[in-house]
Amino acid sequence: MAISVAGVGSGLDVNGIITQLMGLERQPLLQLDRKEAEFQAQLSAFGALKGSLSSFQTTVRGLSSLSKFQTHKATSADTTIYTANASSSAVAGSYAIEVVKLAQAHKINTAAQTSQTTAIGSGGGTTTLTFDFGTISGGTLSNGVYTGASFTLNSNKSSKTVTVNNTSTLQGIRDAVNAANIGVTAAIINDGGATPYRLVLTSNDTGAANSLRIAVSGDAAISGLLAYNPAGTQNPTQLVAAQDAQIKVDGLTVNKSSNTITDVVQGVTLNLLKQSASGVTTSLSVARDTDAVKSSINAFVKAYNDLNKTVQDLTAYNAATKQGSILQGDSGALAVIRQVRTTLNNTVKFINGNYSLLSQIGVSFQKDGTLSVDAAKLQAAIDANFNDIAGLFAALGKPTDNQITYVSATDKTAPGNYTVTVSQLATQGNAKGSVAPNLTITAGGNDSLGVTVDGVAATVTLAPATYGSYAALAAEVQAKLNGASALSAAGIAVTVTVEAGTNKLIITSNRYGSPSTVTGFTGNAIADLLGTPTSTAGVDVAGTINGVAATGSGQNLTGATGNATEGLKLQVIGGATGSRGTVNYSQGYAYQLDKLADNLLASSGPVASRTDGINRSIKDISTQRETLNRRLAEVEKRLRAQFTALDKVVSQLKSTSDFLTKQLSRLPNVTG
């Protein structure tokens, strides 16, 4: 009789058995994987929501600017005569424009030279070229040379210098002038004659006040080539006279230094291209760009609808398939669209206009939760009260006093109507001379003046001359000071005027407020220019907004910290002290939604909070997975040890069985 145990002993499939058992043990791990995949999907969904909300914010932020709703179009009837562009400050209207003259830049040329590479100077050392800019007036002009003319400095331009080698060539002088970048361009012209080369110098700026004057200190040969004074020695001759542009606007004659004119028709830039036929006008039409306004409002509606669709897609439930979207019922996602809708349904508070609700201009919610635009109603609102539409979207401050300007506000400024009082107007610092100045300036005698303006010191050297008037001397002082590198680099400038009756010079800082000062005079020109000057510092504007003392800085008054007007900045341009009316401050929908988006996207907002929560859950899953993997490793180790021992026992039993079988086979058969 044979003894056998099928499928046990050394025939055990230990690995297969353990694999199957561990598969059962790993079921919780698979559940964690599924849960993590769900969380990762939620993270992606919130990423999509965040992106959609950011896009929405970009659109509404653009609409929070007043300029979006104050655009105008300027149209020229003949764009070969001039073109026109309008800014947000333009005023609708029509004008008849005649271009009488185009602006020209002053151009002079030297005597002809046989070579452009032969040295002009006669020795070593350097020569200094001093370029001044001003107006040529009076006298007569013949063959490019003035007789009996005068030259008045342009007070808004300082002298410029160029240093050349005393053995410079025509090319060398050209290159030195151009490299100096002083507002003058040099070029060499070949006229084809026996001595063909001429150096041509052109002022970079057009206009009568930008004519050239060149003083030369150094080599006599270079001076003989370049020294040029329309009121004196003129070695170069004039090719083109400096000339202002002249136009007639509705019959009114206007002169400007440039062919680009920005300050004649309010908010309109005119680019003059050619002279009109005598007496012929070209119409200019300035109108509101209502198409741009409608486009902006439609963009606003689309941005909301895109955000709304994103939230709906992420949170919806499909009743037919009984499937919910990845963020179905998620409080964070639903909070986003709920707060946006709440803002859009609220009335804009303290708005100073005819519209305080979007529905009043044809923008309203539909049954499906989207916004739509009633084009006819929007057009009617634009036609009826165009200027009031901007306040529906942007933050807007409207002072009742026309000499007070709304500058800006902050997140802490509350909408409201606030009273404004001014107890002190801002002033500019100045220094006033005690005597009328000496009109004769001599080199090394009374030509050096040092002064500290707004805390920055500068020293200048005045051009030696006998000035024809106190105004001409004032223009020289102003030009030199405003050209001083220390002042110009700091953005500091002055205005120098002549006091009526006394002819005393007054140097005034262009800055307003307490930092505005003109002090610290030095140099040999003090006595002849100013005598014993008296300095008066500027003061800041002072007053209250909403009955509380505001902070004054220059001409700006800013609402007090902790008050409803905190951060509200107003510029007081002028006027009287005392009560100055009110300022009405409102925050339109685009402004509010921009700030709401900031909060929703902030680290403490609902999107970040839900994202952080999901990331924590994923981290927890990772921790659980690590713990479970360690436990599974121990379980597998234990099972493998147990089945290995079992296999060993079974193997031994099989050996015993085999032995017994052999022994039994040797016994004699016993028959009954």
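Remember, predicted model here, so these are calculated numbers, not experimental data. (Residues numbered from 1 in each chain as written. Predicted model: local features only at pLDDT ≥ 70, side-chain atom pairs only at ≥ 80, totals over all residues. Heavy atoms only, no water.)

With that out of the way, let us pick up the overall build of the protein. A count of helical and extended segments in the protein gives 13 helices and 40 strands. For 672 residues, the compact-globule estimate of 2.2 N^0.38 gives 26 Å, and the protein exceeds it by more than 25% at 43 Å. When its C-alpha atoms are laid out on the principal axes, the protein stretches across 165 × 70 × 55 Å. Excluding contacts between residues fewer than 6 apart, the proportion of contacts in the protein whose partners are at least 24 apart in sequence is 72%. Carbon and sulfur atoms form 50% of the exposed surface of the protein, whose accessible area is close to 32,300 Å². Measuring between centres, the 49 positive side-chain charges of the protein sit 7 Å from its 42 negative side-chain charges. (Helix = DSSP H or I, 4+ residues; strand = E, 2+ residues; numbered from the N terminus. Rg over C-alpha atoms; globule rule 2.2 N^0.38 Å. Contact = heavy atoms within 4.5 Å. Areas by Shrake-Rupley, 256 points an atom, 1.4 Å probe, with all protein chains shown as cover. Lys, Arg positive; Asp, Glu negative; His and termini not counted. Charge placed at Lys NZ, Arg CZ, Asp CG, Glu CD.)

So, about the nonpolar core. Of all hydrophobic cores here, the largest spans 60 residues; its most connected members are F300, I361 and F393. Elements represented by at least two residues in this core include exactly α1 (14–25), α2 (27–63), α5 (290–315), α6 (331–345), α7 (375–385), α8 (390–393), α12 (589–601) and α13 (606–666). Looking at this core element by element, the count peaks at 11 residues for α2. Sequence-distant contacts of F393, that is, excluding residues within four places in its chain, are made with L63, S64, F69, I297, F300, L358, I361, G588, Y589, A590 and Y591. Counting residues in each nonpolar core, the second largest holds 31 residues, with F131, V162, I173 and V184 among its members. (Core = buried A, V, L, I, M, F, W, Y, C linked by side-chain atoms within 4.5 Å. Buried < 20%, exposed > 50% of the residue type's maximum accessible area, 1.4 Å probe, protein only.)

Time to look at the packing of aromatic side chains. All chains considered together, the criterion is met by four aromatic pairs. Between F69 and F393 the ring centres are 4.9 Å apart and the planes differ by 15°, which places this aromatic pair in the stacked class. Linking F69 in the loop between α2 and β1 (72–76) with F393 in helix α8, this pair joins segments that are 324 residues apart in sequence. A single burial state applies to F69 and to F393, both of which are buried. Pairing F300 with F393 gives two aromatic rings, centres 5.3 Å apart and planes at 85°, and the pair type is edge-to-face. In this pair, F300 sits in helix α5 while F393 sits in helix α8, placing the two residues 93 residues apart along the sequence. Three or more aromatic residues joined by ring pairs form one cluster here, namely F69, F300 and F393. (Phe/Tyr/Trp six-rings, centres within 6.5 Å; stacked < 30°, edge-to-face > 60°.)

On the basis of which strands lie adjacent, the open sheet formed by five strands has the order β23-β40-β25-β35-β36 and antiparallel pairing. With partners counted over all chains shown, the strands left at the sheet margins are β23 (395–399) and β36 (548–549), one partner each. As paired elements, strand β25 (residues 416–424) and strand β40 (residues 578–587) share six bridges and run antiparallel to each other. If you follow V422 over to β40, its bridge partner there is G578. (Pairing = 2+ DSSP bridges.)

This paragraph deals with empty space enclosed by the protein. Going through the model one piece at a time under the given rule, you end up with two cavities of 30 Å³ or more. Its boundaries defined by the atoms lining it, the largest cavity holds a volume of some 40 Å³. Lining the largest cavity, in full, are I351, N352, G353, N387, D388, G391, L396 and K398. Of the residues contributing to the lining of the largest cavity, the split by class is two nonpolar, four polar and two charged. Of the voids in this model, the second largest cavity is the one considered here, and its volume is about 40 Å³. Looking at the lining of the second largest cavity, the elements that each hand over two or more residues are β5 (126–137) and α9 (470–483). (1 Å grid on protein atoms, 1.4 Å probe; cavity = no way out; pocket = protein on both sides within 12 Å on 5 of 7 lines; lining within 4 Å. Points joined across faces, edges and corners; volume = space filled by probe spheres on them. Nonpolar A, V, L, I, M, F, W, Y, C, P; charged D, E, K, R; others polar.)

A cluster of nonpolar residues, F659, L660, L664 and L667, forms a patch on the protein surface that exposes about 380 Å² of accessible area. The residue L667 is located in the segment after α13 in this model. (Patch = residues over 30% accessible without salt bridge, like charges linked within 9 Å, V, L, I, M, F, W, Y side chains within 5 Å. Salt bridge = Lys/Arg side-chain N within 4 Å of Asp/Glu carboxyl O.)

In the contact formed by α2 and α6, the axes pass within 11 Å of each other and the chain directions differ by 15°. With respect to their mutual orientation, α2 and α6 come out roughly parallel. Between α2 and α6 lies a crossing whose hand is left-handed. Each of F46, L49, L53 and F56 in α2 lies in contact with α6, whose residues at this interface are G332, A333, V336 and V340. Grouping the constituent residues of the contact of α2 with α6 by class yields seven nonpolar, one polar and no charged. (Axes fitted to C-alpha atoms, helices over the stretch in contact; angles between N-to-C directions. Parallel < 35°, antiparallel > 145°, perpendicular 65-115°, else oblique. Left-handed = near helix turned anticlockwise from the far one by under 90°.)

Further remarks concern the sheet that holds strand β15 (residues 252–256). The antiparallel open sheet is built from five strands, whose spatial order is β1-β18-β3-β14-β15. For this open sheet the edge positions go to β1 and β15, each flanked by a neighbour on one side alone. The sheet shows a mean angle of 30° between the axes of neighbouring strands, direction not considered. Both β1 and strand β18 (residues 282–288) contribute to a ladder of five bridges, which runs antiparallel. From the neighbouring strand, K73 faces β18, where its bridge partner is A287.

When we look at burial in helix α3 (residues 170–180), the residues that qualify are L170, I173, A176 and V177. In an axial view of α3, the angular spread of the buried residues amounts to 130°, which keeps them on one side of the axis. At its buried positions, α3 is contacted by β5, β9 (160–165), β10 (184–190), β11 (197–203) and α4 (220–226). Just beyond α3, the residue with positive phi is N181, at close to 55°. (Arc of directions from axis to C-beta.)

The next subject is α6. Here α6 spans 21 Å end to end across 15 residues, near enough to the 21 Å set by a 1.5 Å rise per residue. Of the residues making up α6, those classed as buried are G332, A333, A335, V336, I337, V340, T343 and L344. Of the surrounding secondary structure, the elements contacted by the buried residues of α6 are α2, α5, β21 (363–365), β22 (371–373), α12 and α13. (Expected span 1.5 Å × (residues − 1).)

Once that is clear, we can look at the pairing of β40. Inspection of the sheet shows β23 paired to β40 by five bridges, in the antiparallel sense. The residue of β40 that forms the bridge with K398 is N584.

The share of residues in the protein with pLDDT of 70 or more is 98%, and the mean pLDDT across the chain is 90. Counted against residues more than four places away or in other chains, residues 1–9, with its pLDDT under 50, gives eight contacts. (pLDDT = per-residue confidence, 0-100.)

Further remarks concern the pairing of β11. Among the seven residues in β11, six count as buried, and that is most of the element. Where strand β4 (residues 107–109) and β11 come together, three bridges link them in antiparallel fashion. What sits directly across from I108, in β11, is L201. Pairing of β10 with β11, which is carried by seven bridges, proceeds in the antiparallel orientation. Counterpart to V184 in the pairing with β11 is S203.

Here the focus is the packing of α6 against α12. In a packed pair of helices, the relevant descriptors are the angle between the two axes and the axis-to-axis distance. Running from N to C, α6 and α12 point in directions that differ by 160°, and their axes come no closer than 10 Å. Judged by the angle between their axes, α6 and α12 are roughly antiparallel. Two packed elements cross with a definite hand, and for α6 against α12 that hand is right-handed. On α12, the residues that touch V336, Q339, V340, T343 and L344 of α6 are Y589, Q592, L593, L596 and L600. Classifying every residue of the contact of α6 with α12 gives seven nonpolar, three polar and no charged.

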